[in-house]
Amino acid sequence: MTQESKNFYRRTSALVIPMAIQNLINVGISSIDVIMLGKIGEKVLSGASLGAQVQFIMGLLLFGVTSGASVLMAQYWGKRDMRSIETIFALAIKTAFVTGVIFTLAAFIAPQVLMSLFTNDSEVRANGALYLRIVCLSYIPNSLVMVYLNSMRSMEKVVIGSITYLSSLVTNTVVNLLLIFGYFGLPKLGIMGAAIGTVAARFVEFIIVIIYDKKFNDVFTFHFEYLKIKSKELTSDFLKISSPVIANELMWGVGLSTMTAILGHLGSATTAANSVAQVCRNLATVVAFGVANSAAVMIGKVIGEGNKERAKEYGKRFIKLTIITGIAGSIVILCVRPVVLSVLTLSDDARKLLSVMLLIMAYYVIAQAYNTTLIVGVFRGGGDTRFGFFLDVTFMWGISIVLGFIAAFILELPAIIVAFILYFDEIIKIPFSTWRYKSYKWLNDVTRK
């Protein structure tokens, strides 16, 4: 192995490991709610899971904003142009704040309306609405923290994310234990306790980020003056790069929520099984998503430095890494499958559905890891933010969701067949994402002189 290769894998590890830990912690936060509420009952678990879809959609919208901003930030980081980074960061923060306010108001004012989009079960809907009205108080701090940490990631500052989310995990776990089950004489709040735990965790994240920014960040410190910076050129670049990413993440996120809604209308057993399967899938892809995010940062940086040949070489190496991590994720699902089936309190129907859904997820995560590293990592790092949008519109919406809807409500096929159809889109994306990679049309310097 050459010294350059050693440097690549050393730098990649320095990014991937903290990002994977962050992803694992985030999955842990959602897993805690699933495990604890699963001990109470299927209806409660389903209500919280479907209620969390609102924050999931908001999170994907924000991920689109920060991913678009990070494309520019990573390339300007390669040029060490901090003034442009400050301008782009301010645009992302303002967008995130407005987004958080809109979602907070919607969830607080009309939780029943939002829940009716995901299920026709009145008890599940009532539980979800109760959860939403409390958890929505976490949306604004969550939005600001997400933008800040993703911006730091584009400048290779990733350890703070791990510290922040670990503190969040501990807070969520402790508050959940105290309030869901009513330990130490505290009221037994059930699903309300889970919502309060999430709110407490998000405010802890917010406080840690403020302290880090003011006391420890030696690269970038936020000042309110940044919000006054105006640049028509960078605003235009931000909109040009971010808009396709936001649209892509929304299409993908709303697509996943639509899949959840389709399965949610097939009964609470299907909803509960799908909720657990999603957590297991998220657990299995923590490293693969870390690889994808690392690819965006490292490829964007070397392009900003003017070294496109090195960007091509990095692309090849990241593909090899994501195949390995995808296979590892599949093995993780197969290993945790018997444990999950034995631990949770589920009906016989839900248990049977979950058993097969986990087998579906075992092949799904390999394809998802591969496509995510190319689309979110390699392509976006190279300034190509449009192709992923095309793939999701074509294959997720045009094929999987349409066929899944027909299978569920017109042909009335069994739930497991519907799930198989819905989760097949990542497989059929592979030839097209591979073709795009080999064309090198994704390789662009999107910065200004």
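Located above this text is the structure these notes cover.
What counts and what doesn't
- Residues numbered from 1 in each chain as written.
- Predicted model: local features only at pLDDT ≥ 70, side-chain atom pairs only at ≥ 80, totals over all residues.
- Heavy atoms only, no water.
- Core = buried A, V, L, I, M, F, W, Y, C linked by side-chain atoms within 4.5 Å.
- Buried < 20%, exposed > 50% of the residue type's maximum accessible area, 1.4 Å probe, protein only.
- Helix = DSSP H or I, 4+ residues; strand = E, 2+ residues; numbered from the N terminus.
- Contact = heavy atoms within 4.5 Å.
- Salt bridge = Lys/Arg side-chain N within 4 Å of Asp/Glu carboxyl O.
- Axes fitted to C-alpha atoms, helices over the stretch in contact; angles between N-to-C directions.
- Parallel < 35°, antiparallel > 145°, perpendicular 65-115°, else oblique.
- Nonpolar A, V, L, I, M, F, W, Y, C, P; charged D, E, K, R; others polar.
- 1 Å grid on protein atoms, 1.4 Å probe; cavity = no way out; pocket = protein on both sides within 12 Å on 5 of 7 lines; lining within 4 Å.
- Points joined across faces, edges and corners; volume = space filled by probe spheres on them.
- Left-handed = near helix turned anticlockwise from the far one by under 90°.
- Phe/Tyr/Trp six-rings, centres within 6.5 Å; stacked < 30°, edge-to-face > 60°.
- Patch = residues over 30% accessible without salt bridge, like charges linked within 9 Å, V, L, I, M, F, W, Y side chains within 5 Å.
- Areas by Shrake-Rupley, 256 points an atom, 1.4 Å probe, with all protein chains shown as cover.

**Regarding the nonpolar core**
Counting residues in each nonpolar core, the largest one holds 72 residues, and the members touching the most others are I88, F89, L132, Y139, F220 and F238. Looking at this core, the element that brings in the most residues is helix α2 (residues 42–79), giving 16 residues. Beyond its immediate chain neighbours, meaning those up to four positions away, I88 contacts A69, L72, M73, Y76, L234 and F238. Counting residues in each nonpolar core, the second largest holds 42 residues, with V27, L263, A273 and I333 among its members.

**Re the pattern of salt bridges**
Under the counting rule described, the total for this entry stands at eleven salt bridges. The salt bridge involving E86 is made with R83; its shortest N-O contact spans 3.7 Å. Of this pair, E86 and R83 both sit in helix α3 (residues 82–109), three residues apart, which is roughly one turn of the helix. Close ionic contact of E309 with K312 constitutes a salt bridge, the shortest N to O distance being 3.5 Å. Remark: K312 and E309 occur in helix α12 (residues 308–343); sequence separation between them is three residues, near one turn of the helix. In this structure E309 comes out as exposed when scored by relative accessible area, which is 55%. K312 gets classed as partly exposed once you look at its relative accessible area, which sits at 23%.

**Thoughts on the packing of helix α9 (residues 232–264) against helix α10 (residues 268–284)**
At a closest axis distance of 8 Å, the pairing of α9 and α10 adopts a crossing angle of 150 degrees. In terms of orientation, α9 lies roughly antiparallel with respect to α10. Residues L256, T260, L263 and G264 of α9 lie in contact with α10, whose contacting residues are T270, T271, N274 and R281. The residue inventory of the contact of α9 with α10, partitioned by class, reads two nonpolar, five polar and one charged.

**A word on the layout of surface pockets**
Counted as a void, the largest pocket has a volume near 300 Å³. I93, L144, F206, I210 and F222 are, among the 13 residues lining the largest pocket, the residues nearest its centre. With five residues, the top contributor of residues to the lining of the largest pocket is helix α8 (residues 191–215). Among the residues making up the lining of the largest pocket, the classes are represented as eleven nonpolar, no polar and two charged.

**What about the packing of α2 against α8?**
Viewed as axis vectors pointing N to C, α2 and α8 meet at an angle of 35 degrees, and their least axial separation amounts to 10 Å. The handedness of the crossing between α2 and α8 comes out as right-handed. For the pair formed by α2 and α8, the contact residues are V44, G47, A48 and Q55 on the first element and I191, T198 and R202 on the second. Counted by class, the contact of α2 with α8 contains three nonpolar, three polar and one charged residues.

**Here's the deal with empty space enclosed by the protein**
To locate leftover empty space, one rolls a probe as large as a water molecule over the atoms. Tallied over the entire structure, the rule returns three cavities of 30 Å³ or more. Forming the boundary of the second largest cavity are 14 residues, of which S67, S70, R153, N293 and A296 lie nearest the centre. Examining the composition of the lining of the second largest cavity, we find that six residues originate from one element, α2, more than from any other. Looking at side-chain class alone, the lining of the second largest cavity contains six nonpolar, six polar and two charged residues.

**Focus: the packing of aromatic side chains**
What the rule picks out here adds up to 20 aromatic pairs. Seen from their ring centres, F420 and F424 are 5.7 Å apart, and the 35 degrees between their planes marks the pair as tilted. Using a relative accessible area of 39% as the deciding quantity, one classes F420 as partly exposed. Assessed through its relative accessible area of 32%, F424 is described here as partly exposed. Ring centres of Y440 and W442 lie 5.9 Å apart, and the angle between their planes is 45 degrees; this geometry places the pair in the tilted category.

**Considering a nonpolar patch on the surface**
A contiguous nonpolar surface patch, about 540 Å² in accessible area, is contributed by F405, F409, I410, L411, L413 and I417. Examining the composition of the nonpolar patch, we find that three residues originate from one element, helix α14 (residues 387–410), more than from any other. Along the chain, F405 falls in helix α14. A relative accessible area of 44% places F405 in the partly exposed class.

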